[in-house]
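# Per-entry structural report
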Amino acid sequence: MTRRIARLWPAQGTRLLVLLMLAFAVAACTPPEPIPLPERPDVPFGQGRIWQIDREGLEPSYAFGTMHVDDRRVMDLPDAVEAAFAKAEIAAFELLREDEDAVIDELYETERLRLSGDQDLEDLIGPVSFGILRWHLNQRELAPNADIKPWVMWLYVGGENLGYVDYERLQPSGHNMILDDWLESRAHDAGKEVVGLESPQEQFDIYDKMPLEHQANLLKLTLDHYSKRKAQAPKFQFYLDGDLAMFVALWDDYLSRLDPETAAIIDDRLITDRNRIMVERMLPLMRRGSTFVAVGAAHMPGEEGILRLLEKQGYTITRLH
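Residues numbered from 1 in each chain as written. Predicted model: local features only at pLDDT ≥ 70, side-chain atom pairs only at ≥ 80, totals over all residues. Heavy atoms only, no water.

### Quick notes on the sheet that holds strand 6 (residues 316-319)
In a beta sheet, neighbouring strands are held together by backbone hydrogen bonds and run either parallel or antiparallel to one another. The cut-off we apply is this: A pair of strands is labelled paired if DSSP reports no fewer than 2 bridges between them. Under the scheme used here, helices are H or I runs from DSSP no shorter than 4 residues and strands are E runs no shorter than 2 residues, and both carry numbers assigned from the N terminus. Helix axes use the C-alpha atoms of the stretch in contact, all axes being lines fitted to C-alpha atoms, and the angles between their N-to-C directions lie in the range 0 to 180 degrees.
One open sheet holds the six strands; their spatial order is 4-3-5-2-1-6, and the pairing between them is mixed. The open sheet is flanked by strand 4 (193-196) and strand 6, the only strands paired with a single partner. Sheet twist, expressed as the average angle between the axes of neighbouring strands with direction ignored, equals 20 degrees. Of the pairings in the sheet, the one linking strand 3 (residues 90-93) to strand 4 comprises four bridges and is parallel in character.

### Considering the confidence of the model for the protein
Keep this limit in mind: pLDDT runs from 0 to 100 and stands for how confident the predictor is about each residue. We call two residues in contact when some of their heavy atoms are within 4.5 Å.
When the pLDDT values of the protein are averaged, the result is 86; 86% of them are 70 or greater. This stretch, residues 1-32, has a pLDDT under 50; its non-local contacts, to residues over four places away or in other chains, come to 91 contacts.

### Structural notes on unusual backbone geometry
Definition in use: Buried means the residue's accessible area, taken with a 1.4 Å probe over protein chains only, is under 20% of the maximum for its type, while exposed means over 50%, and partly exposed covers the values in between.
Notably, Phe45 is not glycine yet its phi reads approximately 60 degrees, a positive angle. Note on Phe45: relative accessible area 17%, which makes it buried. Not every positive phi belongs to a glycine, and Asn176 is a case in point at roughly 55 degrees. Within the secondary structure, Asn176 sits in the loop between helix 8 (150-156) and helix 9 (179-189).

### Structural notes on the pairing of strand 5 (residues 291-296)
Among the six residues of strand 5, six are classified as buried, and the element is accordingly described as predominantly covered. When strand 2 (residues 61-66) meets strand 5, the two strands line up parallel, connected through five bridges. Bridged to Tyr62 within strand 5 is Phe292.

### A short note on the environment of Tyr239
Locating Tyr239 in the fold gives a position in helix 12 (residues 235-240). Setting aside chain neighbours within four positions, we find Tyr239 in contact with Arg49, Phe64, Gly65, Thr66, Met67, Val74, Leu179, Phe247 and Ala297.

### Overview of the environment of Ile271
Here Ile271 lies in helix 14 (residues 260-288). Placed 33 residues apart in sequence, Ile271 and Glu304 show a C-alpha to C-alpha distance of 8.7 Å.

### Section: the packing of aromatic side chains
Here is the rule: Pairing of aromatic side chains here covers Phe, Tyr and the six-membered ring of Trp, requires ring centres within 6.5 Å, and sorts the geometry by plane angle: under 30 degrees stacked, over 60 edge-to-face, intermediate tilted.
In the structure shown here, the tally under the stated rule is six aromatic pairs. Here Phe85 and Phe292 contribute two aromatic rings whose centre-to-centre distance is 5.3 Å and whose plane-to-plane angle is 90 degrees, an arrangement assigned as edge-to-face. With a gap of 207 residues between them, Phe85 in helix 4 (residues 79-87) and Phe292 in strand 5 connect regions that are remote in the sequence. The pair formed by Phe85 and Phe292 is uniform in burial state, with each residue classed as buried.

See below:
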């Protein structure tokens with residue numbers, strides 16, 4: 001999701017370039033501290049990156065967990081992923097780049113991101129947290145905007161990945177596209193039917209319709225707990241290893257630092273609710289033909305993950321890699 005907010009600064013070039021500059025404005029100037037890793041949980045579909053989805057009378061479909069980065073190691077796809085991609089007639093992604101580009105200027109127009117009336121970001125998060133934000137952004141000759149909604153600033157400083165993912169160690173692929181967009185481009189070139197499982201408006205609303213107090217809680221957590229840390233949790237390596245159970249562990253660790261009500265809201269809005277919606281929209285595609293679904297890897301594992309939800313619909317799920 002954080003890749004979306006990068007579009008607020010189109011003059012800086014690609015989405016990823018802006019994201020890398022902004023997401024680590026808080027973390028980059030401070031000494032690293034190790035982050036203790038939580039225990040690996042035993043969850044459904046906690047290992048793997050691509051699965052085959054079968055049901056009697058239907059062609060096989062496939063679910064591939066992505067990571068929203070531009071890195072040559074991520075784009076060096078396993079043979080099983082390339083084979084599944086080649087077989088599929090339909091390619092489905094969280095959000096289509098072409099849909100996003102068509103509405104982004106209107107959707108992320110600055111006035112829509114501003115607090116209403118006399119609301120002030122410093123009042124919402126408190127002077128200590130606002131001071132942390134100001135100090136760290138000043139190191140990059142940036143300044144916090146006091147009339148911008150907390151969720152915007154939360155994504156600006158890295159969102160839920162700050163303290164867990166070290167984007168500074170990425171090895172750019174040369175495509176100037178994140179993995180999802182690169183696959184979408186390839187699907188168009190191959191003549192596949194290309195479908196988005198969510199709309200830009202739906203993704204925008206995930207945060208924008210969250211109660212303001214919970215937006216503020218998210219931002220305060222990021223600033224108060226992670227402002228002095230560089231990412232030490234090897235989430236990128238977990239992805240390459242297909243260790244999605246550790247994605248669940250890190251997400252649960254993040255949620256545990258929030259107040260319970262905010263944690264429940266962000267878990268529902270960012271993960272659980274979207275999993276159900278994406279499965280609902282995958283089903284008619286898979287009934288029409290072999291479908292290659294590529295969405296963020298965090299949506300795959302767990303009892304409420306996409307793969308378990310498909311099992312509950314009567315599909316057989318087989319890990320391919």
